[in-house]
Amino acid sequence: MTPLCRMEDVRKTFRMGDDAVEVLKGIDLEIVHGEFAAIMGTSGSGKSTLMNLIGCLDVPTSGRYLLAGREVLGLKDDDLSVLRNAHIGFVFQNFYLLPYATVLENVLLPTLYRENAMDGARERAVELLRLIGLEARMRFRPNRLSGGEQQRVAICRALMNDPELLLADEPTGQLDSKTAAEIMNLLAKMNERGKTVIVVTHDPAIAACAKRIIRIKDGVIVDEQAG
Amino acid sequence: MKRTLLNLKIALGSLGNFKLRTALATLGVFFGTFSLVVVGNLSDSLALKTEQEIANLGNNLIIVVSGQVRRHGPNTPLISRATNLTLGDAEAIANTLPATSRVAPSGFRAFPVRRGNTVLKAIAVNGVTPDFGEVRNFEIAAGSPITEEDDRLQRKVALIGRTTAEKLFGEENPVGKTILIWRVPCQIIGVMAEKGADVAGNDQDNQLFIPLKTFLRNFVNQENVNIIYVQAVSAEAIDPLRGEIEALLRVRHKIRKEMKDDFTVVDLKEVTALKSQAMGLISVLGRIAAAASFLIGALGILSIMILIVNERRVEIGIRRAVGSRKRDIILQFLMESSFISVSGGMIGMAAGFLMSLAIAKVLDYPVTISGLGLLVAFAASALSGIVAGIYPSFKATQIHPVDIIREI
Ligand SMILES: Nc1ncnc2c1ncn2[C@@H]1O[C@H](COP(=O)(O)OP(=O)(O)OP(=O)(O)O)[C@@H](O)[C@H]1O
Ligand SMILES: [Mg+2]
């Protein structure tokens, strides 16, 4: 079975004027369907950069990256959008819900950009909100929710188009440890239901929830272990 | 559709942060459509009014005036004082030019009019033939018209205009009463139907009509008339007939090639030309003002959209992350900017519509709704919004999700 993600000698260089900084220095990585992986490393080691490449928010400077068997390097901006919309759900440290839309509308956002309209999108969104216990707040603006609640809504949004891959970059960075544990439980639950989940974190306690830990240092993977 | 509604709602929420600026920008578009609609409706009204006025003068009417008509302003008298047109000229036109349907020679002069103690200093007194009413579209409201016999026998009878009748008789019925015109007692045989102001703005209801021969022999003591009204057989016959009349009169008046005519065949389109010119100028000014307003409106919307795009960087980044393409973002912001301008434009169109109704009422113009004007106004408002949105929406596509995530 082809892995969901496959990276071969992936490098990423950022140019700042005349300086070029190589942030990822040859990453080889395979993520298979149904995995729950944590990426760990010190600040500035390149975790987010790697995550953005996996999520097709950015493209490698060199190397190969196959997502679901498809070569990502060389795809046009629009194709990347379509790819993200169908295959990837993002959860960010800062939630990033739209302030002028309701909770329900926020969850529905990815359906607006689908290639084929989704039947019963609203019902599905309500169902997802019921799953996380926020059905009663679906007409609220996000600013009336607590941080943990907002992050749960963001997870619903990430799940809305039923993507294979759920990417979470420091999803608990803004939350207290109890709420953080709830969020990790939710991600673990999604993993049990078949989603492939990748979490970026500093926190060993968070990483411990994952089944696999990928350590990165100065742009290379230094250690892998089963969690 | 759902997407459009949601985007609109989000846009409105965001616009709420810039209420004053939005109002100002909308105001520009408002005035733009306002002036376009007003100008459009009014020029249509004027065109219709002109048409009505010309028709009101008489069907297929040609006016021959003695002397050269010079015009310096809208109120210059149409008719000169010279009286070198004759009854013979009128007869010649009627008898030799087949495109002629009716001919009505007429003389006029202002005389004092008296009834009892009421004296009106200068009322226009017209000597007319029985055909006059038909040719000039004058109708009689009460009493009887001037007949061939009245004219042949130089009877001292008169038809009285509404305004003059009111001045002299108030509520009383004037028919059968006698008034003193200059020093000639005349019996009133009829009252004219109301006619309103003529092209030059003179009250056509403040005058008297008496038989032409009575006028020539008993009042002015001459054989010449001031004016000959000619009715052509059809509208198409008017222009050729004007030429024929000119040729005929030059022969009859023995005017040699190099000499100027001692009469004028009036072009009725020319009569209303001055008014049209004034209106044309107003239209041009109105359109310039509209263009300036649209420009200001567009600049205002441009500045607001730049602010909005900046305020919503995160939103744009997130939309991109969940899969919106650049063209979706462009479309979204173009719709937002045209929504702002079209809402201003709609209000402007409504206000302009009401305003042109009010102006038409004050000027006593017929009310017309210029469909083209409304369409142009709508298109212009939508266009100014779209143009104003191009740069900001392009800016929006340059916002990248990765940058947003790194920003905080
Ligand atoms: N777009 C960019 N342009 C320039 N430099 C960048 C860019 N993105 C990342 N970097 C640099 O690359 C390095 C790695 O950044 P990255 O965000 O991947 O680190 P990280 O491991 O996620 O750190 P943290 O734990 O602090 O989030 C940093 O030195 C950062 O400054
Ligand atoms: Mg990071």
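Up top you'll find the structure we're talking about.
Reading the values: the criteria
- Residues numbered from 1 in each chain as written.
- Chains lettered and ligands numbered in written order.
- Predicted model: local features only at pLDDT ≥ 70, side-chain atom pairs only at ≥ 80, totals over all residues.
- Heavy atoms only, no water.
- Helix = DSSP H or I, 4+ residues; strand = E, 2+ residues; numbered from the N terminus.
- Rg over C-alpha atoms; globule rule 2.2 N^0.38 Å.
- Buried < 20%, exposed > 50% of the residue type's maximum accessible area, 1.4 Å probe, protein only.
- 1 Å grid on protein atoms, 1.4 Å probe; cavity = no way out; pocket = protein on both sides within 12 Å on 5 of 7 lines; lining within 4 Å.
- Points joined across faces, edges and corners; volume = space filled by probe spheres on them.
- Nonpolar A, V, L, I, M, F, W, Y, C, P; charged D, E, K, R; others polar.
- Pairing = 2+ DSSP bridges.
- Contact = heavy atoms within 4.5 Å.
- Axes fitted to C-alpha atoms, helices over the stretch in contact; angles between N-to-C directions.
- Near = heavy atom within 4 Å.
- Polar contact = N/O pair within 3.5 Å; in protein donor to acceptor, adjacent residues only side chain to side chain.
- Sits in = over half its atoms within 2 Å of the grid points.
- Core = buried A, V, L, I, M, F, W, Y, C linked by side-chain atoms within 4.5 Å.
- Phe/Tyr/Trp six-rings, centres within 6.5 Å; stacked < 30°, edge-to-face > 60°.
- Lys NZ or Arg CZ within 6 Å of the ring centre and 35° of its normal.
- Buried area = accessible area lost by both parts, 1.4 Å probe.
- Salt bridge = Lys/Arg side-chain N within 4 Å of Asp/Glu carboxyl O.

### Here we look at the overall build of chain B
What chain B contains, in helices and strands, is 14 helices and twelve strands. Here chain B has a C-alpha radius of gyration of 33 Å; the compact-globule value for 408 residues is 22 Å, and the former is much larger. Considering only C-alpha atoms, chain B reaches an extent of 110 × 55 × 35 Å along its principal axes. A total of 408 residues make up chain B; the buried ones form 48% of that total.

### Quick look at empty space enclosed by the protein
As enumerated under the stated definition, the model contains three cavities of 30 Å³ or more in all. By volume, the largest cavity is sized at about 80 Å³. As for the largest cavity, its lining consists of Arg84, Asn85, Ile88, Gly89, Phe90, Pro110, Arg157, Ala158, Asn161 and Pro163 of chain A together with Ala321 and Val322 of chain B. Looking at the lining of the largest cavity, the elements that each hand over two or more residues are helix H2 (77–87), strand E6 (88–92) and helix H5 (147–159) of chain A. Here the lining of the largest cavity gets three residues from one element, more than from any other, and that element is E6 of chain A. Grouping the amino acids of the lining of the largest cavity by side-chain chemistry returns seven nonpolar, three polar and two charged.

### Looking at the sheet that holds strand E1 (residues 5–16) of chain A
Residue and element names in this part refer to chain A. The strand order E2-E1-E4-E5 describes an open sheet built from four strands, whose pairing is antiparallel. For this open sheet the edge positions go to strand E2 (19–31) and strand E5 (70–71), each flanked by a neighbour on one side alone. Across five bridges, E1 lies against strand E4 (residues 62–67) in antiparallel orientation. Directly across from Glu8, in E4, lies its bridge partner Arg64. Packing of helix H1 (residues 47–54) onto the sheet brings it into contact with E1, E2 and E4, and relative to E1 it is tilted by some 120 degrees.

### Some points on helix H11 (residues 313–321) of chain B
Among the nine residues that make up H11 of chain B, seven are buried, leaving the element largely enclosed by the rest of the structure. At the C-terminal side of H11 of chain B, Gly323 of chain B shows a positive phi close to 120 degrees.

### So, unusual backbone geometry
A positive phi angle, close to 50 degrees, is found at Ala68 of chain A, a residue other than glycine. Position of Ala68 of chain A relative to the elements: it lies in the loop between E4 and E5. Judged by its relative accessible area of 44%, Ala68 of chain A falls in the partly exposed class. Phi is positive for Asn137 of chain B, close to 65 degrees, though the residue is something other than glycine. Its place among the elements puts Asn137 of chain B in the loop between helix H4 (132–136) and strand E5 (140–143). Using a relative accessible area of 27% as the deciding quantity, one classes Asn137 of chain B as partly exposed.

### What to know about the site of ligand 1
Around ligand 1 there are 14 residues in total, and Ser43, Gly44, Lys47, Ser48 and Thr49 of chain A lie nearest to it. More than one chain reaches ligand 1: the nearby residues come from chains A and B. Between an oxygen atom of ligand 1 and a side-chain N or O atom of Ser48 of chain A, the distance comes to 2.7 Å. One of the side-chain N or O atoms of Thr49 of chain A is found 2.5 Å from an oxygen atom in ligand 1. For ligand 1, the cavity whose grid points lie within 2 Å of the majority of its atoms is the second largest pocket. For the shell around ligand 1, the secondary structure elements donating two or more residues are E1 and H1 of chain A. The leading source of residues in the shell around ligand 1 is H1 of chain A, at three residues.

### Here's the deal with H1 of chain A
Across the eight residues of H1 of chain A, seven count as buried, placing the element largely inside the fold. What H1 of chain A keeps buried is the set Lys47, Thr49, Leu50, Met51, Asn52, Leu53 and Ile54 of chain A.

### What to know about the nonpolar core
Membership of the largest hydrophobic core comes to 68 residues, with the highest contact counts inside it found for Met7, Ile39, Leu50, Ile54, Leu67 and Leu165 of chain A. Among the elements that take part in this core, helix H10 (residues 273–311) of chain B stands out by supplying eight residues, more than any other. Once you skip the residues sitting within four places of it in the chain, Leu67 of chain A turns out to touch Leu4, Cys5, Cys56, Val72, Leu83, Ile88 and Leu165 of chain A. Counting 45 residues, the second largest nonpolar core, distinct from the first, contains Leu168, Leu208, Ile238 and Phe263 of chain B.

### What about the packing of aromatic side chains?
On inspection of all chains with the given rule, the structure shows twelve aromatic pairs over all chains. Considering the side-chain rings of Phe30 of chain B and Phe34 of chain B, the 6.0 Å spacing of their centres and the 10 degrees angle between planes classify their relative orientation as stacked. Of this pair, Phe30 of chain B and Phe34 of chain B both sit in helix H2 (residues 19–57), four residues apart, roughly one helical turn. An angle of 45 degrees between the planes, with centres 5.5 Å apart, marks the rings of Phe132 of chain B and Phe209 of chain B as tilted. Here Phe132 of chain B is found in helix H4, whereas its partner Phe209 of chain B is found in strand E9 (residues 207–211), with 77 residues between them in sequence. Of the residues examined, Phe132 of chain B reaches a relative accessible area of 6% and is grouped as buried. Positioned above the aromatic ring of Phe140 of chain A, the side-chain terminus of Arg144 of chain A is 3.9 Å from the ring centre.

### Focus: the pairing of E4 of chain A
Residues and elements named next belong to chain A. Where E4 lies against E5, two bridges are found, and the strand directions are antiparallel. Following the sheet pairing, Leu67 is matched in E5 by Arg70. Connecting E4 to the antiparallel partner E5 that follows it, the hairpin turn spans two residues, and Ala68 within it adopts a positive phi of roughly 50 degrees.

### Regarding the side chain of Ser356 of chain B
Residue and element names in this part refer to chain B. Mapped onto the elements of the fold, Ser356 is located in helix H12 (residues 326–363). A relative accessible area of 4% places Ser356 in the buried class. Among the polar contacts listed, one links the side chain of Ser356 to the side chain of Asn41, at a separation of 2.9 Å.

### Quick notes on the environment of Gln204 of chain B
Residue and element names in this part refer to chain B. The residue Gln204 is located in the loop between strand E8 (184–192) and E9 in this model. A residue is classified by how much of its surface remains accessible, and Gln204, at 8% relative accessible area, is buried. Along the sequence, Gln204 and Arg162 sit 42 residues apart, while their C-alpha atoms lie 8.9 Å from each other. Setting aside residues no more than four positions away along its own chain, Gln204 makes contact with Asn56, Arg136, Phe138, Lys195, Gly196, Ala197 and Asp198.

### Considering the interface of chain A and chain B
Taken together, the contacts link 23 residues of chain A with 28 residues of chain B. If you sort the residues of chain A by the area they bury against chain B, Tyr96, Tyr100 and Tyr113 of chain A come out on top, with a joint share of 32%. Counting every contact that joins chain A to chain B gives two salt bridges. As a salt-bridge pair, Arg327 of chain B and Asp78 of chain A come within 3.1 Å of each other at their nearest N and O atoms. Taken together, the links from chain A to chain B amount to ten residue pairs in polar contact (both at pLDDT 80 or more). Of all the elements in the fold, those that place two or more residues in the side of chain A that touches chain B are H2 and E6 of chain A. Per element, the largest residue contribution to the side of chain A that touches chain B is six residues, and it comes from H2 of chain A. Of the residues belonging to the side of chain A that touches chain B, the class tally is twelve nonpolar, five polar and six charged.

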